[in-house]
Amino acid sequence: MGTVWFWIVALMLVAYVVLDGFDLGVGIVYLLVARTEPERQQAIRSIGPVWDGNEVWLLAAGGTLFFAFPLLYASSFSGFYLPLMIVLWLLILRGMSIELRHHSADPLWRTFFDALFAFSSTLLAIFFGAALANVVRGVPIGPDDYFFLPLWTNWRPGPNPGILDWYTVLGGVLALAALALHGVLYLALKTSGQLERRAHRLAIRLAPLVLVLTAISLPATIIARPNSLHNYEAHPAAFLAPLGVFLSLATVVISVRRRRNLTAFFGSCGYLAVMLVGAAAGLFPVLLPTVGTRGRDITIDNAIAGSHTLHVGLIWWSFGILLAIFYSATVFWLFRGKVPTTSDGYGH
C-alpha cells in the first residue's frame, strides 16, 4: 500500500507540473512575447479558463501527502517553512495579478499587474526547481526526524548544505528554462498573429538551451547524490526514463522547427513528466534522503500512515480524483482551439 501511495503522490505532482507548468511558463515569457495590450489580453485569455483549476493539483498533492505520509509532511513543511511561505505568497500575488488587471482601465496599474504576473511566475519556477533539487540532494535530517536549512552555507552539497548551492541553483535555472519553453509552446498553440510568431521564435531558441541544461543536470545529480543511480543499477528498465527525457526533447526540437505546435507541446509535456518520474524512480523507496550521519532517511516504511487511514483515504481519493479529471477534461474541451483576438474576458 505504501508503494501505491508513493506513486499516487508522485503522479499528482507530475500532473501539477505539466498542467500548471504551461501557465507558469506563459507568465515567465509574458513581457517578452506579448508587447501590446491586445496581445497581453490574448495571452491572459489563453490561460484564463484553466490556471486556477491547474493549481488544484498542487493542493490535492499536499492534502494526499498529509494523510498518506504524515511524518514527511511534518518534517518537510517545518524544515522548508520559509521557502513554502514565499511560494504561498507568490501564488497569491500571481492570482491577484491575473484577476485584477482586468478590473483596471488605468495603463499604469495594468503595467504593474503585468510585471507582478511575470515576476511571481518566474520566481515560482525557480523555487519549484530548487525545491526538487533539495529533495533529490538530501537535507540534514536530525535524530528527531526534523531539519533546518539556512538559505546558503558554502554553496556545495555535503553534510551541511543550504537551501541554495550550485546544484539547487542549477535545478532552479533548469526549471525556469523548461517551464518557459512549455509556456511558449502553449502560446504558439493557442494564439495567433504576432504573438504566435514571437512565441515560436522564442521556442526555437529555448529548446536547445533546455537540452543542454538537461544534459548537464544528469551527471550533476550523480555528483550531488552519488547513490542516485542505485535503483537504476538494480532495475535497468529505469534507464528508460532518461532515454524518454531526451526523446521528448528531440521531439520538441524537431517539431518546433517544422512548426508542428501540437506535437511540440505534447513533447514538452512528456519531457516534464518523464523527468519527474525519473527523479521519483531514483529516490524510491526514500521520500526525503538525509545527508550527514545524525539522522535517517524518511522512507515509505517509517513515514506511512496507518492501514485504516490508507484504505479509507483510497476510497475518497478515487472519488475526488475522478471529479478533478472530469473537471479538467471538460474545461480543456470547452476552451479548445485558438484564442480569438477580438473576444472579451476569458472565453471564446
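Summary of the structure given here. Here, residues in each chain are numbered from 1, in the same order as that chain's written sequence. This being a predicted model, a pLDDT of at least 70 is required before a residue's local features are given, and a value of 80 or more before pairs of side-chain atoms are given or counted; all residues contribute to the totals for chains, interfaces and linings. Calculation of side-chain values draws on the structure's entire complement of heavy atoms; hydrogens and water are dropped beforehand.

## Structural notes on the pattern of salt bridges
Once the charged atoms of two side chains with opposite charge are near each other, the side chains can pair. Here is the rule: Salt bridge, as used here, is a side-chain nitrogen of Lys or Arg placed within 4 Å of a carboxyl oxygen of Asp or Glu. Only runs of H or I of at least four residues qualify as helices and only runs of E of at least two qualify as strands under DSSP, and these elements are numbered from the N terminus. A 1.4 Å probe rolled over the protein chains alone gives each residue an accessible area, and that area as a share of the maximum for its type sets the label: buried under 20%, exposed over 50%, partly exposed in between.
One pass over the structure, following the stated rule, counts ten salt bridges. One salt bridge connects Arg94 with Glu55, and the closest N-O pair in it is separated by 2.9 Å. Of this pair, Arg94 sits in helix H5 (residues 81-100) while Glu55 sits in helix H3 (residues 51-68), and the two are 39 residues apart along the sequence. The exposure classification of Arg94 matches that of Glu55, with both residues buried. Measuring nitrogen to oxygen at the nearest pair gives 2.9 Å for the salt bridge that ties Arg296 to Asp145. A residue pair is termed long-range when its members are at least 10 positions apart, and Arg296 in the loop between strand S1 (286-288) and strand S2 (298-299) and Asp145 in the loop between helix H6 (107-137) and helix H7 (166-190) qualify at 151 residues. You can call Arg296 partly exposed: its relative accessible area is 41%.

## Thoughts on the packing of helix H2 (residues 37-47) against H6
As a reminder of what qualifies: Think of each axis as a best-fit line through the C-alpha atoms, taken over the contacting stretch in the case of a helix, with angles from 0 to 180 degrees between the N-to-C directions. Oblique is the label for any angle not under 35 degrees, not over 145, and not in the 65 to 115 range, which are roughly parallel, roughly antiparallel and roughly perpendicular in turn. Handedness of a crossing is defined here by the sense of rotation of the near helix relative to the far one, left-handed for an anticlockwise turn of less than a right angle and right-handed for a clockwise turn. Residues count as neighbours in contact if any of their non-hydrogen atoms are within 4.5 Å of one another. Under this grouping Gly is polar, as are all residues other than the nonpolar Ala, Val, Leu, Ile, Met, Phe, Trp, Tyr, Cys and Pro and the charged Asp, Glu, Lys and Arg.
In the contact formed by H2 and H6, the axes pass within 13 Å of each other and the chain directions differ by 45°. In terms of axis orientation, H2 runs oblique to H6. Where H2 crosses over H6, the handedness of that crossing is left-handed. Residues Glu37, Arg40, Gln41, Ile44 and Ile47 of H2 lie in contact with H6, whose contacting residues are Arg110, Asp114 and Phe117. Across the contact of H2 with H6, the residue classes break down as three nonpolar, one polar and four charged.

## Details of the side chain of Gln42
Applicable threshold: Here a polar contact is taken to be a pair of N or O atoms separated by no more than 3.5 Å, where protein atoms must pair a possible hydrogen donor with a possible acceptor and residues adjacent in sequence count only if both atoms sit in side chains.
Along the chain, Gln42 turns up in helix H2. Among the polar contacts made by the side chain of Gln42, one reaches the main-chain carbonyl oxygen of Val339 at a distance of 3.3 Å. In this structure Gln42 touches Thr191, Ser192, Leu195, Val339 and Thr341, once residues within four positions along its chain are discounted.

## Regarding the side chain of Asp165
In this fold, Asp165 is placed in the loop between H6 and H7. For Asp165, the side chain forms a polar contact with the side chain of Arg137, separated by 2.6 Å. Once residues lying within four places of it in the same chain are set aside, the contact partners of Asp165 are Arg137, Trp155, Arg156 and Pro157.

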